[in-house]
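# Breakdown of the fold
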Amino acid sequence: MAGNTLIGQNAEFEALQRQNMQLFAGWQTQVLPKLSGFDKDDLPKLLIAELAESLLNTFRKDVACNVSTHTDQISITHKLS
């Protein structure tokens, strides 16, 4: 139990958690019209595949951005050393 509380108090973890919640909320807003417009004649497997791919892309873009930022920071730090 103590480990769970410690990570929850870590500022970097809290920032990551907030960022992930914002990404997920944005994704929900984006796909809500598609979900609301789902009709009995639509294909559920296709919808699930589209939703899954769009959710992955939402987080994939963010991870790529973070990796790029961290790489830039590492490069700058390395050049300064």
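This one's a predicted model, so the numbers in the text were calculated from it and none came from an experiment. (Residues numbered from 1 in each chain as written. Predicted model: local features only at pLDDT ≥ 70, side-chain atom pairs only at ≥ 80, totals over all residues. Heavy atoms only, no water.)

### Here's the deal with the side chain of Thr-58
- Residue position: Thr-58 is located in helix α3 (residues 44-80).
- For Thr-58, a relative accessible area of 16% corresponds to the buried category.
- In contact with Thr-58, other than residues within four places in its own chain, are Leu-23 and Trp-27. (Helix = DSSP H or I, 4+ residues; strand = E, 2+ residues; numbered from the N terminus. Buried < 20%, exposed > 50% of the residue type's maximum accessible area, 1.4 Å probe, protein only. Contact = heavy atoms within 4.5 Å.)

### Focus: the side chain of Ser-54
- In this fold, Ser-54 is placed in helix α3.
- Using a relative accessible area of 17% as the deciding quantity, one classes Ser-54 as buried.
- Ignoring anything within four residues of it in the chain, the contact list for Ser-54 reads Trp-27 and Val-31.

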